[in-house]
Amino acid sequence: MSSPVSKRVRTKSPTPAPATSAAARESTPAPATPGAAVARESTPVPATPAAARESTPAPATPAAAKEDTPAPATPAAAKERTPAPATPAVARGRTPAPASPAAAETNAPLPGSHWAEQGLPEEEDDDADSTLGSDVESSTASIGSSILRYRTMNGRTYHSDSITDSEYWGPNDEKQNEVLDIFHHAMTILLDGRLYEAPLPEKMENAIDLGTGTGLWAIDFADAFPNCNVIGTDISPIQPSWVPPNIRFEIDDYNKEWTYKPNFFDFIHVRWLSGTVKDWLAFYKEAYRCCKPGGYIEHMDTHGTIHSDDSSIDEKVHALGQWGPIWHEAGRRIGQLLVPAAMMETAMKEAGFVNIVVKDYKVPISPWSKDKKMNDVGLYFYAVMTQDLDGVLQFMFGKVMGWTTEEIGIYIKHLKKEMKDMSIHGYFIFRKVYGQKPVTA
C-alpha cells in the first residue's frame with residue numbers, strides 16, 4: 001500500500017511564514033452497502049446564479065491537507081474543470097436524512113475507575129493483526145514545524161496559550177500532525193477524490209479553509225483553482241512552506257473576532273472542528289457576514305458516537321460504546337458542544353444560509369467491510385484512531401473527566417483490542433452540510 005502521507009515536491013516559490021492575524025482557525029456490516037452517502041435538501045430558495053460544478057481532484061498519495069485523500073493517488077486537484085461524479089444517493093426534495101443515530105447521549109458514561117477494575121485485556125497474537133498495526137504506522141510520514149511557544153502536558157506539546165486560552169484539547173506535535181494527514185487521506189478515499197460538494201462556480205476570487213491543520217486540503221484546493229486566492233487558518237504554524245503561489249497560511253483563532261471584510265469569500269470550507277468552537281451559531285454568523293452573496297459554506301464533521309448496525313457494540317460493555325458518551329459528557333462539563341453534526345443544518349439556517357444540503361457518510365473505524373473502498377477507508381481511519389490515542393485523550397479524559405493516567409491507559413488498551421476485532425463492525429457518521437448566502441443578501 002502506498003504511503004498515505006508521501007511528501008509533495010514543489011518548485012513554486014515559498015510563501016512567507018504564517019502571519020499572525022486575528023481571524024479564524026477545521027460500513028455497515030458486511031451485508032449492507034457501506035459508505036453510501038444519504039443526502040437531503042432543505043427547501044431551496046432562488047436557484048444559485050453560478051453554474052454548478054465540481055473540480056474532481058485525481059486520487060492521490062496523501063500529500064494533501066489535513067482532511068481528505070484517496071487511496072493510492074495524489075489528491076492534487078485536477079486543473080481542468082470537469083464536473084465530479086454525482087454524489088451517491090442524493091435525494092432531491094425534503095427526503096429526511098436517516099435518523100441521526102448520533103444524537104445527544106442520555107446515559108452517563110462509565111467512570112475511569114471502571115476500566116481500572118477491568119484491568120488490562122488479555123494479550124492476543126499480533127500475527128493476525130499485522131496488517132492493521134505495523135503497516136499503517138510504517139506508511140505514515142511526519143510533517144513538523146513549530147515556531148511558537150507550546151504548552152506541555154505529560155511530555156506532549158499543545159497549542160500556545162496566547163492563541164487558544166489553553167482550551168483546545170488536541171496536541172500539535174509531529175505525532176498528531178501525522179494523524180491529521182492520515183485523516184485527509186481517509187476522507188479523500190471516502191469522497192472519491194472530491195474536495196467539496198457545493199456547486200461552486202469555475203471562477204472564484206477568495207476562499208478560506210478554517211482550521212486548516214497541516215494545510216493539505218487548502219493546498220489541493222489552491223491547485224484546483226490557481227486563480228483563486230486561498231487562505232488557510234490555524235492556531236499553530238504547522239503548514240509546509242513550499243506551496244502554490246495562490247495560498248497563504250495565517251495563525252488565527254476563529255473563536256475570536258474575525259477581521260475579514262464583509263462579503264469577501266466565495267467559499268468557506270470547514271472540516272473536523274469537533275471540540276474547537278465555543279459558539280457554533282456565532283461562528284456561522286461570522287461566516288455568513290464574510291461570505292459573498294451567492295457564495296457557499298461547506299462543513300463536514302462527526303456525531304462522535306461509534307455505531308454498529310448488527311449490535312456488535314454494546315454501550316455498557318465495549319470501550320468503543322463508551323467513546324461517544326464520554327465525549328458528550330466532557331462537552332457538557334466544559335459547557336461546549338464538542339461534536340456539532342446534529343446542529344449544523346439548524347445553525348446554518350439560523351445564520352441566514354439557504355439552499356442547504358445535508359449528506360451523511362458512514363466511516364468504518366477498522367477494515368472490517370467487505371467493500372474494497374470502505375475497507376480502505378476503515379484501514380486509514382483505524383490509523384487515525386490508534387496513532388495517537390494518548391495525546392488525544394489526555395486533555396478531555398484526564399483534565400476534564402478526572403481520569404488517572406492509569407485509567408486512560410487501560411481504557412486505550414481495551415479500545416485498541418476491540419478495534420482489532422473484525423467481528424465488531426463499528427463506524428462513525430460524518431455529516432456534510434453546505435449552504436449558500438442568498439444572492440440578494
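Scroll up to find the structure this text is about.
Residues numbered from 1 in each chain as written. Predicted model: local features only at pLDDT ≥ 70, side-chain atom pairs only at ≥ 80, totals over all residues. Heavy atoms only, no water.

Asks: Could you give me a rundown of the overall build of the chain, with the residues and numbers involved?
Replies: For the chain, the count of helices and strands is 11 helices and 11 strands. Of the accessible surface of the chain, which amounts to about 16900 Å², a share of 53% is contributed by carbon and sulfur atoms. (Helix = DSSP H or I, 4+ residues; strand = E, 2+ residues; numbered from the N terminus. Areas by Shrake-Rupley, 256 points an atom, 1.4 Å probe, with all protein chains shown as cover.)

Asks: Please give an account of helix α11 (residues 405–420) that cites residues and values.
Replies: In a regular helix each residue adds 1.5 Å, so 16 residues correspond to 22 Å; α11 covers 23 Å between its end C-alpha atoms and thus fits that length. Buried within α11 we find Glu 407, Ile 408, Ile 410, Tyr 411, Ile 412, His 414, Leu 415, Glu 418 and Met 419. The secondary structure elements touched by the buried residues of α11 are α1 (112–118), α7 (319–334), α9 (372–386) and α10 (389–400). (Expected span 1.5 Å × (residues − 1). Buried < 20%, exposed > 50% of the residue type's maximum accessible area, 1.4 Å probe, protein only. Contact = heavy atoms within 4.5 Å.)

Asks: Lay out the pairing of strand β10 (residues 354–364) with the relevant residues and their values.
Replies: Of all 11 residues in β10, 11 are buried, a share of seventy percent or more. With nine bridges joining them, β10 and strand β11 (residues 427–436) adopt antiparallel strand pairing. Each residue of the ladder has a partner; that of Tyr 361, found in β11, is Phe 430. (Pairing = 2+ DSSP bridges.)

Asks: Got a sec to walk through the packing of aromatic side chains? Specific residues and values, please.
Replies: Per the counting criterion, the structure on display carries 27 aromatic pairs. Through a chain of ring-to-ring contacts, three or more aromatic side chains come together here, namely Phe 183, Trp 272, Phe 381, Phe 428 and Phe 430. The ring centre of Tyr 288 lies 4.7 Å from the NZ or CZ of Lys 437, which sits over that ring. (Phe/Tyr/Trp six-rings, centres within 6.5 Å; stacked < 30°, edge-to-face > 60°. Lys NZ or Arg CZ within 6 Å of the ring centre and 35° of its normal.)

Asks: Give me the side chain of Lys 292: which residues, what numbers.
Replies: Relative to the helices and strands, Lys 292 is located in strand β9 (residues 291–302). The contact partners of Lys 292, leaving out residues within four places of it in the chain, are Glu 205, Asn 263, Phe 264, Phe 265, Asp 266 and Lys 437.

Asks: With reference to specific residues and values, describe the nonpolar core.
Replies: In terms of nonpolar packing, the biggest core is built from 49 residues, with Trp 323, Phe 381, Leu 393, Phe 397 and Tyr 411 touching the most fellow members. For this core, the secondary structure elements donating two or more residues are α4 (174–190), α7, β10, α9, α10, α11 and β11. Discounting residues that sit within four places of it in the chain, Phe 381 has contacts with Phe 183, Ala 186, Met 187, Val 363, Pro 364, Ile 365, Phe 428 and Phe 430. Membership of the second largest hydrophobic core comes to 29 residues, among which are Ile 208, Ile 231, Tyr 288 and Ala 351. (Core = buried A, V, L, I, M, F, W, Y, C linked by side-chain atoms within 4.5 Å.)

Asks: Which residues make up the packing of α9 against α11, and what values do they have?
Replies: Packing of α9 against α11 leaves a shortest axis separation of 11 Å and a crossing angle of 175°. Classified by the interaxial angle, the pair formed by α9 and α11 is roughly antiparallel. Packed against α9, whose contacting residues are Tyr 382, Met 385 and Thr 386, the element α11 presents Lys 416, Met 419 and Lys 420 at the interface. (Axes fitted to C-alpha atoms, helices over the stretch in contact; angles between N-to-C directions. Parallel < 35°, antiparallel > 145°, perpendicular 65-115°, else oblique.)

Asks: Before we move on, could you go through the pattern of salt bridges and cite the residues and values that matter?
Replies: Within the structure shown, the criterion is met by 15 salt bridges. As a salt-bridge pair, Lys 373 and Asp 192 come within 3.1 Å of each other at their nearest N and O atoms. Of this pair, Lys 373 sits in helix α9 while Asp 192 sits in the loop between α4 and β5 (206–210), and the two are 181 residues apart along the sequence. We note a salt bridge from Glu 329 to Arg 333, for which the minimum N-O separation is 3.0 Å. (Salt bridge = Lys/Arg side-chain N within 4 Å of Asp/Glu carboxyl O.)

Asks: I'd like a rundown of α10, residues and numbers included.
Replies: For α10, built from 12 residues, the straight-helix expectation of 16 Å at 1.5 Å per residue is met to within 8% by its first-to-last C-alpha distance of 16 Å. Where burial is concerned, most of α10 is hidden: 10 out of the 12 residues are buried. Those residues of α10 that sit buried are Leu 389, Gly 391, Val 392, Leu 393, Gln 394, Phe 395, Met 396, Phe 397, Gly 398 and Val 400.

Asks: Any details on the environment of Tyr 254? Residues and values, ideally.
Replies: Residue placement: Tyr 254 occurs in the loop between β7 (247–251) and β8 (265–271). The class for Tyr 254 is buried, based on a relative accessible area of 5%. When the C-alpha atoms of Tyr 254 and Phe 283 are compared, they prove to be 7.4 Å apart, with 29 residues separating the residues in sequence. A distance of 2.5 Å separates the side chain of Tyr 254 from the side chain of Thr 276, its partner in a polar contact. (Polar contact = N/O pair within 3.5 Å; in protein donor to acceptor, adjacent residues only side chain to side chain.)

Asks: Can you explain the state of the cysteines? Please cite residues and give values.
Replies: Here the structure, examined in full by the defined rule, presents zero disulfides. Here Cys 291 stays unpaired: no disulfide links it, and the sulfur of Cys 290, its closest cysteine neighbor, is 8.9 Å away. Cys 291 sits in the buried class, given a relative accessible area of 0%. (Disulfide = S-S within 2.5 Å.)

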